[in-house]
Amino acid sequence: MPALTRRNLIKASAVAAAYGAGIGLAGRFGTAKAATEPLILKTAKIKAGLTDAGVTKDVLSYGSEGMPPVVRMRKGEAFAARLVNGIDDPTTVHWHGLRIPNRMDGVPFLTQPYVYTGDKFDYAFTPPDAGTFWYHPHCNTLTQMGHGLTGVIVVENPNDPAFDAEVVLNLRDWRLGGDGQFIDQFRPRDAAKAGTYGTVRTTNWKQQPQYDAPAGGLLRVRIAITDVTRVHTFKLDGGEAAVIAIDGNPVPSRFALDVLTLGPGQRLELAVRMPDSEGAVVTLSDVRGTTPKTLATFRAVGTSLKRAIGDLGPLETNPVAKVDVGSAQHIPLTLSATAENAPVHDSVCGSLGYSFWAINKVTWGGDQPDPMAPLAELKLGKSYVIDMENLTPHLHPIHLHGMSFVVLSSSTRTVLPLISDTYLIEPNEKVQLGLVADNPGDWVLHCHIIEHQKTGMTSYLRVA
Ligand code: C2O
Ligand code: CU
C-alpha cells in the first residue's frame, strides 16, 4: 500500500474528479496497486455507445465495462497481469514501449504462443521506466485494435513533481457506418497509401469529453494515440501548456506546445496551467488536415490555485543506456513500397492478403512459426546506429520493441535528442537512431500504421 500522503490524496481525488464523480472509477483509475495478484485482462465482445446513431455491436475490450482500463504500474515494482481470452480469435498482449524481457513481449511465434479462445497467459515483469505507454494485441491486430482493444498504461514514479490533477486520454477512431455499426476495417487502395481512416473519432471512447481541473492549477495530460492509422497534430488553446514527455520519456528540456505532430503508437505528456477564472475552458485539438478537430476540453473549477508551470521540478530521466556513437555499428533500414504483390502466408494471427510495403526490399511474410531472417543480429551490450530512410511518399511511425533509441540526426529537420520507441519518419527523410542492444531476444520493428505493418512493413532485430 502506498502511504496515504497528502499528495496521493490530492492526486487520487483529482483523478476521480477528472473521470467524473459517481461512476466508481476511482479504483480503476487510481494509483497503482502492489502486484500481489495479477490484474485480469479478459478480452470480451461488448456493446458500446460511441455515436448518436445508437449502440455499436461487436466492440472488443478488456473487461466488460467499456473502454479498456488505464493500467497503472510503478517504476521498478513488479507487475502481473493475466490475459484471459474471451473472444473468438486468438490474441496476445503487447506492452508498447515497456523495456521488459522478450518472453513477455506478446509477439506470436517470436516471443510466445498465441492465446486461443478460453486460454490464458500470465504476464509478469517490472517496468524499468516511468511514463505513458499503452497495450494492445499483437495478433489479428487490425481487427482487434480496430474494434477496441487499445488501452493506456501509466507507469508512475513516486518522485514525480506534484500536479493538481491528471487526465489520461486514449485517442482513437472507429470505422462505423451511418447506423453506428462496423464497416470494412480497411480499403486495399488506402492500405497502399496513408492507411484507411476511421469515420468516428473518440477520446476515451467519447466524443469531445470535458474534464474538470482546479482553476490556476497544474494539470498533467497524458495522451496516447492508439488509433491504427491517424497521425495527429496537437494544439492547445485557452491555457498555457509545456511538453514534458514524449513516448514515455521526459523531453531533454521542456518547451511550450505550439503544434506538435505525432503518429499512431506515440504518446505526449503535457503540463497544462489551467486558467484562473472558474468556468474557463482549455481546448486540445488536432489541427492536421483541413478541419481542426476538438479532442477534449478542460474546464477550470474552484478558486485559483495560482500555480506556475515553472514550479514543477523536472521528471527523472529513465535508465536508458547511453549510446557510444563512435564505436557503433550502422544498420541500414530502408522503407519502400513493394514492386509486386508478393505472396503472403495466411496465418492464425491474420493476414490482410496483400503486400504493399518492404523493409530493405523484403516484405514481411506474416506471423508464422518459421519467421524470416532478422534484419540484423546485434551483440548484447553493443551500441548501434540505425540509418533509416523513407523512400515512400507517406509518413511511417516506425516502432521498435524492447529497447529505446535516441534520435541522433535527421536529413530534413532539426531533431531533439528524444529517447523513444517510435519515430514518425517523413517522406524522403533519413534519420539516425542510436541504441544500446541491452535486451536479449528477437524484437519486432514495424510501422504502426497497422495496415502497413500487416502488408509488409515489419521486420525484427535479434539481440544475443
Ligand atoms: Cu504497439 Cu508491435 O506494437
Ligand atoms: Cu507505414
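That block above? That's the structure.
Read on for a plain summary of the structure. Remember, predicted model here, so these are calculated numbers, not experimental data.

**A word on the overall build of the chain**
On a plain count of helices and strands, the chain comes out with 5 helices and 30 strands. The buried share among the 464 residues of the chain stands at 59%. Sequence separation of at least 24 residues holds for 75% of the intrachain contacts in the chain that already meet a minimum separation of 6. Total accessible area on the chain stands at roughly 18,100 Å², and carbon and sulfur atoms take up 53% of it.

**Topic: the nonpolar core**
One broad rule of soluble globular proteins: the nonpolar side chains tend to lie buried together. Formed by 68 residues in total, the largest nonpolar core has its most connected members in Leu-169, Leu-270, Phe-298 and Met-388. Counting 23 residues, the second-largest nonpolar core is a separate cluster that includes Leu-41, Met-73, Val-115 and Tyr-135.

**Looking at the sheet that holds strand β26 (residues 419-420)**
One open sheet accounts for 6 strands, arranged β21-β20-β23-β28-β25-β26; its pairing is mixed. Strands at the two margins of the open sheet, each flanked by one partner only, are β21 (357-359) and β26. In terms of strand pairing, strand β20 (residues 329-337) meets strand β23 (residues 383-390) through 7 bridges, oriented parallel. Directly across from Thr-334, in β23, lies its bridge partner Glu-389.

**Side note on the coordination of the copper ion (ligand 2)**
Only His-396 (ND1), Cys-447 (SG) and His-452 (ND1) from the protein coordinate the copper ion (ligand 2), and they sit 2.0 to 2.1 Å from it. Counting along the primary sequence, the residues that act as donors to the copper ion (ligand 2) give the motif H-x50-C-x4-H. One end of the pair, His-396, is in strand β24 (residues 396-400); the other, Cys-447, is in strand β29 (residues 441-447), with 51 residues separating them in the sequence. His-396 gets classed as buried once you look at its relative accessible area, which sits at 0%.

**Focus: the pairing of β20**
Judged from the 3 bridges that link them, β20 and β21 form a sheet pairing that is antiparallel. Of the residues in β21, the one forming a bridge with Ser-336 is Ala-358.

**Topic: the packing of aromatic side chains**
Using the criterion set out here, one finds 11 aromatic pairs in the structure. Considering the side-chain rings of Trp-174 and Trp-205, the 5.0 Å spacing of their centres and the 90° angle between planes classify their relative orientation as edge-to-face. In this pair, Trp-174 sits in strand β9 (residues 165-174) while Trp-205 sits in the loop between β10 (200-203) and β11 (210-214), placing the two residues 31 residues apart along the sequence. Just as Trp-174 is buried, Trp-205 falls in that class too. Through pairs of rings, three or more aromatic residues link up here, namely Tyr-62, Phe-79, Trp-95, Phe-121, Tyr-123, Phe-125 and Tyr-135. Taking NZ or CZ as reference, Arg-172 lies 4.0 Å from the ring centre of Trp-174, over its face.

**Thoughts on the pairing of strand β14 (residues 240-246)**
Most of β14 is tucked away: 6 of the 7 residues are buried. Following β14, the chain reverses through 2 residues before pairing antiparallel with strand β15 (residues 249-256); Asp-247 in that reversal takes a positive phi of roughly 55°.

**Examining the environment of Lys-293**
By the element assignment, Lys-293 lies in strand β19 (residues 293-301). Exposure remark for Lys-293: the relative accessible area of 24% places this residue in the partly exposed category. Separated by 10 residues in sequence, Lys-293 and Thr-283 have C-alpha atoms that sit 10.0 Å apart. Ignoring anything within four residues of it in the chain, the contact list for Lys-293 reads Arg-201, Gln-208, Leu-284, Ser-285 and Asp-286.

**Regarding unusual backbone geometry**
For Asn-204, which is not glycine, the phi torsion reads 55° and is therefore positive. Its place among the elements puts Asn-204 in the loop between β10 and β11. One non-glycine residue, Asn-360, lies in the positive phi region at around 50°.

**Examining the pattern of salt bridges**
Scanning all chains against the criterion turns up 23 salt bridges. When the shortest N-O distance is used, the salt bridge between Asp-58 and Lys-45 registers 3.6 Å. With Asp-58 in strand β2 (residues 54-62) and Lys-45 in strand β1 (residues 39-51), this residue pair connects regions lying 13 residues apart in the sequence. A residue is classified by how much of its surface remains accessible, and Asp-58, at 40% relative accessible area, is partly exposed. Across the pair Glu-426 and Arg-413 runs a salt bridge, and its minimum N-O distance is 3.6 Å. Here Arg-413 lies in the loop between β25 (405-410) and β26 and Glu-426 lies in the loop between β27 (422-425) and β28 (430-436), a separation of 13 residues in the sequence. A residue is classified by how much of its surface remains accessible, and Arg-413, at 31% relative accessible area, is partly exposed. One continuous salt-bridge network, built from bridges that share partners, spans Arg-72, Arg-74, Glu-156, Asp-160, Glu-166, Arg-220, Arg-222 and Glu-269.

**A closer look at the sheet that holds strand β4 (residues 79-84)**
Taking strand neighbours across the sheet as the criterion, the 4 strands line up as β2-β1-β4-β6 in an open arrangement whose pairing is mixed. Of all the strands in the sheet, the pair left with one neighbour each is β2 and β6 (120-125). With direction set aside, neighbouring strand axes in the sheet form an average angle of 30°. Pairing analysis gives 7 bridges linking β1 to β2, with the strands arranged antiparallel. Opposite Gly-49, over in β2, you have Val-55 as the bridge partner.

Definitions and cut-offs
Residues numbered from 1 in each chain as written. Chains lettered and ligands numbered in written order. Predicted model: local features only at pLDDT ≥ 70, side-chain atom pairs only at ≥ 80, totals over all residues. Heavy atoms only, no water. Helix = DSSP H or I, 4+ residues; strand = E, 2+ residues; numbered from the N terminus. Buried < 20%, exposed > 50% of the residue type's maximum accessible area, 1.4 Å probe, protein only. Contact = heavy atoms within 4.5 Å. Areas by Shrake-Rupley, 256 points an atom, 1.4 Å probe, with all protein chains shown as cover. Core = buried A, V, L, I, M, F, W, Y, C linked by side-chain atoms within 4.5 Å. Pairing = 2+ DSSP bridges. Donors = N, O, S within 2.8 Å, 3.2 Å for Na, K, Ca; no water. Phe/Tyr/Trp six-rings, centres within 6.5 Å; stacked < 30°, edge-to-face > 60°. Lys NZ or Arg CZ within 6 Å of the ring centre and 35° of its normal. Salt bridge = Lys/Arg side-chain N within 4 Å of Asp/Glu carboxyl O. Axes fitted to C-alpha atoms, helices over the stretch in contact; angles between N-to-C directions.

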